[in-house]
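Below are the chains, spelled out letter by letter.
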Amino acid sequence: MKRTVPSIITFLVGTLLIVTFFIPHKPFSKLTDDFNTFFDIIAAFAFILGGGNLARMHGKRVASRQAGWFYSAVCLAGFFSMLIFGLLKIRYHDGALGWDLKGDLNNAQFLFQQMWEYIFRPGTSTIYALLAFFIASASYRAFRARNTEAALLLGTALIILLGRTFVGPILTAWLPPSLEFLTIPSLANWVMAWPTQAGNRAIMFGVALGIVSLSLKVILGIDRSHLGEKD
Amino acid sequence: MNRRRLIWAAVMLAAGAYLVLRIATGKMQAPVGVKGVGIWFAAFMTLAIFSFLFGDNPAYKFAEHLFVGVSAAYWMVVTFWTALVPNLFGKLFPDLVATYLMPGLKENGKAPEQDLFYLVPLVFGILLLWRLSPKAPWLSRWALAFIIGITAGLRLIGFLSSDFIGQIRNTMVPFVVLSADGGPLWGDTINNLVTLVGVTTALCYFYFSKEHDGVFGRISRVGIWTLMITFGAGFGYTVMGRVALLVGRLQFLLIDWLRLASP
Amino acid sequence: MPARLRLPELNRQFVFGLIAVVVCIPILWKFSFREYPSPMVRKVFDKVQSLPAGSKVLLALDYDPGAEAELQPMARAFLRHCAERKMKIYFMTLWATGPPVITRAIEDVLVPEFPGYRYGRDYVTLGFKPGNEAAVAIIASDLKKLFTTDGRGTNINDIEMTRPIRNIRSFDIVLSVSAGFPGTKEWIQYGTDPAGIPIAAGMTAVQAPLNYPYYPRQLLGLLGGIKAAAEYEALLKETYQKYNDPKYHLEATARMGPQTWAHLAIIGLIILGNLTTLLARAGRGRN
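Residues numbered from 1 in each chain as written. Chains lettered and ligands numbered in written order. Predicted model: local features only at pLDDT ≥ 70, side-chain atom pairs only at ≥ 80, totals over all residues. Heavy atoms only, no water.

J.: Where do I start with the overall build of chain B in this structure?
T.: Scanning chain B from terminus to terminus reveals eight helices and zero strands. On C-alpha atoms alone, chain B measures out to a radius of gyration of 30 Å, which is more than a quarter above the 18 Å that the 2.2 N^0.38 rule sets for 263 residues. Buried residues in chain B amount to 48% of all 263 residues. Within chain B, counting contacts between residues at least 6 apart in sequence, those at least 24 apart form 30% of the total. If you sum the accessible surface of chain B, you get close to 13000 Å²; carbon and sulfur atoms cover 69% of it. Across chain B, the mean location of the 21 positive side-chain charges is 15 Å away from that of the 12 negative side-chain charges. (Helix = DSSP H or I, 4+ residues; strand = E, 2+ residues; numbered from the N terminus. Rg over C-alpha atoms; globule rule 2.2 N^0.38 Å. Buried < 20%, exposed > 50% of the residue type's maximum accessible area, 1.4 Å probe, protein only. Contact = heavy atoms within 4.5 Å. Areas by Shrake-Rupley, 256 points an atom, 1.4 Å probe, with all protein chains shown as cover. Lys, Arg positive; Asp, Glu negative; His and termini not counted. Charge placed at Lys NZ, Arg CZ, Asp CG, Glu CD.)

Below, the structure written as structure tokens:
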């Protein structure tokens, strides 16, 4: 029941999808569409599971007054206020609070949208923006042309960095039209379109073969690591 | 109070005084009303997360935890209203959902037929949530198995067709490209050769079942060069991407919040 | 090692400060130069330009605010172009964080700049659906199985422009603007490649090199990062004179100023780092 039934479910579902690829007709195609729709619904439950887990973990930390419990309380406050504002579609307009279960969730009057705009949006975009500082620092500390391979990597990066700004055309504007292909922007475009494409394609082959073999192992029950070690 | 703290306190005080002055002179929005408070809070979130550049600190931790809680709930709410309500509850209880939650379920004023087949994803969904229960959490594996089965089946087909066979087809290009009058087009020919040589040599480098020495070693060395060019381009593009995000964030601080320039 | 050959070690905070300053100054003093569109961007532009009025475009905006600084200008440029060509625009997202991004694109571009564009007749938002590649697979075979209502809760069969839509083959082109998984790759693998529908994409700079292998057979062309968005805006200006008016704020073009200075600063840091190593090595050799 704990490992055999899940393995059978995986086998049946996975096989059905493969069969449908070769025989895209009823009943296979209909069943595949149904299963894909079910997948979407179950994926939605997965988000609830994720939120539930987060609330449980931080709830425990607050209840037992563990180190950093104050921050867990902040996390829970953000979580529950967003949840209540969103599920009940609470709106704030002209100084009055109200709720509208039938309303469009994207309505800017909903407090849910206000929290998205003023907490979620700056949070997520700043976290990614932070990386610009670290990448600059890493460029200074670690990016060295120690050998041929490293020099190639560095040279390509410099061509791209210059070629993707308006400095690139200015620096090589003196080249005659017959040598236009040697301008920095042309070089940057060429590097992207040919050698980079070739390298990425080789990586893509490797990734594709890896995913195909792993999927086969999972469907055939050879790899059951996703079911966990313990019963 | 040590010297470092003293300097920080002075910087904060000066910044605070500057903000007060700008608000007093009407040059920036005061933290009043939903929008005013919102923009100020967004600025606080931005600065608190940027403060991580000087090391972990309470302001960063506060912003980080608030962000985690809000985003987890955001995903739950959005999937509830966009997937569970129309695609699950709307199938199982169409009249109820159309009356109280989503009038748009009705087509020409008529609610759709009940579809009990959708009890299957409901059961699987409940099984998935069972993981939170102290009793028999292993039941969630059945739902997980369904998710894994679909993912494995879809990926096997998608990657085999588009990323393996599709890429073989994309790599099968002519060695010599001829123009309409039969003469060679040297530019296109060189480009095709770069593709063929690049893909083949890089694949040789990934072949670890044979020692990389002799001719094979030299071929795989060319493969490494191809990959280095690839990674160099990747690095250049990554820098470009990260800087673009930083520009966006600093524009928010300087233009939307401080109003030091027009958009 | 002689002291005159030694370069100072820059500490992290100095590097951080330098980057902040070189980005902030051009934001405040607005430096921007002319953009020269690359062949790849021109190809995407020409394809969209060649589609007749009334063509159905599926505009998939698969990203979150984390990538908004890079992708929103691209989405706006696509949107402006499609609206100029009088196409029927169908918005969709595979990211839960996508619906507000769609709303923002509509409110910033369609509502103020194209007042004649009407919801339900000229554009519609189908909103978000979870399921990643499974969602694309259903859209490829039977869209209405997944979308019973549009993103605003109206029945999909009660909307003029969604009534005749069956699956991905009902669209003339897919324009995917994406920041990762699920995104352009999944649209190609499970949607456009099996169905034989043309797709062009705009993506983050990080994603762009990874998707080049699909070009040109499986992907008409791709716009990588803010620079490509600025080039697309330059083509819009070249083709439609009204965009030369500063009231049409072309975001990507404006951002290329700070972008350039930051690139130059990083190039300077790389060169400085290498010089430091070279001089240290030379000093060691002499000793």
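J.: Looking at this model, I keep getting lost on the confidence of the model for chain B. Mind explaining?
T.: Averaged over all residues, the pLDDT of chain B equals 93, while 100% of them reach at least 70. Taking the mean pLDDT of every element in chain B, the minimum, 92, falls on helix α1 (residues 3-24) of chain B and the maximum, 96, on helix α8 (residues 214-257) of chain B. (pLDDT = per-residue confidence, 0-100.)

J.: How should I be thinking about the pairing of strand β3 (residues 123-128) of chain C in this particular structure?
T.: Every regular strand shows the same layout, with side chains that alternate between the two sheet faces. Most of β3 of chain C is tucked away: six of the six residues are buried. At this point the chain moves from strand β2 (residues 88-93) of chain C, through helix α4 (residues 98-113) of chain C, to the parallel β3 of chain C, and the crossover so formed is right-handed. (Right-handed = clockwise from strand over helix to strand, strands pointing away.)

J.: Can you walk me through the packing of aromatic side chains in this structure?
T.: Both the distance between ring centres and the angle between the ring planes are used here to describe each pair of aromatic rings. Applying the stated rule across the entire model yields 36 aromatic pairs over all chains. Ring centres of Phe-47 of chain A and Trp-75 of chain B lie 5.1 Å apart, and the angle between their planes is 40°; on these two criteria the pair is classed as tilted. Linking Phe-47 of chain A in helix α2 (residues 28-63) with Trp-75 of chain B in helix α3 (residues 58-92), this pair reaches from one chain into another. For Phe-47 of chain A, a relative accessible area of 25% gives the class partly exposed. Given a relative accessible area of 27%, Trp-75 of chain B falls into the partly exposed group. Residues Tyr-205 of chain B and Phe-208 of chain B carry aromatic rings whose centres are separated by 6.0 Å and whose planes lie at 75° to one another, so their mutual orientation is edge-to-face. Residue classification places Tyr-205 of chain B among the partly exposed positions, given a relative accessible area of 27%. The aromatic ring of Trp-81 of chain B is capped on one face by Lys-89 of chain A, whose charged end is 3.8 Å from the ring centroid. Here Arg-152 of chain C stacks its cationic end above the ring of Tyr-119 of chain C, 3.9 Å away from the centre of that ring. (Phe/Tyr/Trp six-rings, centres within 6.5 Å; stacked < 30°, edge-to-face > 60°. Lys NZ or Arg CZ within 6 Å of the ring centre and 35° of its normal.)

J.: What should I look at first to understand the sheet that holds strand β1 (residues 56-62) of chain C in this one?
T.: Sheet strands line up and pair through hydrogen bonds in the backbone, either parallel or antiparallel. Residue and element names in this part refer to chain C. The strand order across the open sheet built from six strands is β3-β2-β1-β4-β5-β6, with neighbouring strands paired in parallel fashion. Each having just a single partner strand, β3 and β6 (222-224) make up the two edges of the open sheet. Taken pair by pair, the neighbouring strands of this sheet meet at an average axis angle of 15°, ignoring direction. Here β1 runs beside β2; their pairing, made up of five bridges, is parallel. Residue pairing in the sheet places Leu-58 in a bridge with Tyr-90 of β2. Packing of helix α3 (residues 65-84) onto the sheet brings it into contact with β1, β2, β4 (173-178), β5 (199-203) and β6, and relative to β4 it is tilted by some 160°. (Pairing = 2+ DSSP bridges. Axes fitted to C-alpha atoms, helices over the stretch in contact; angles between N-to-C directions.)

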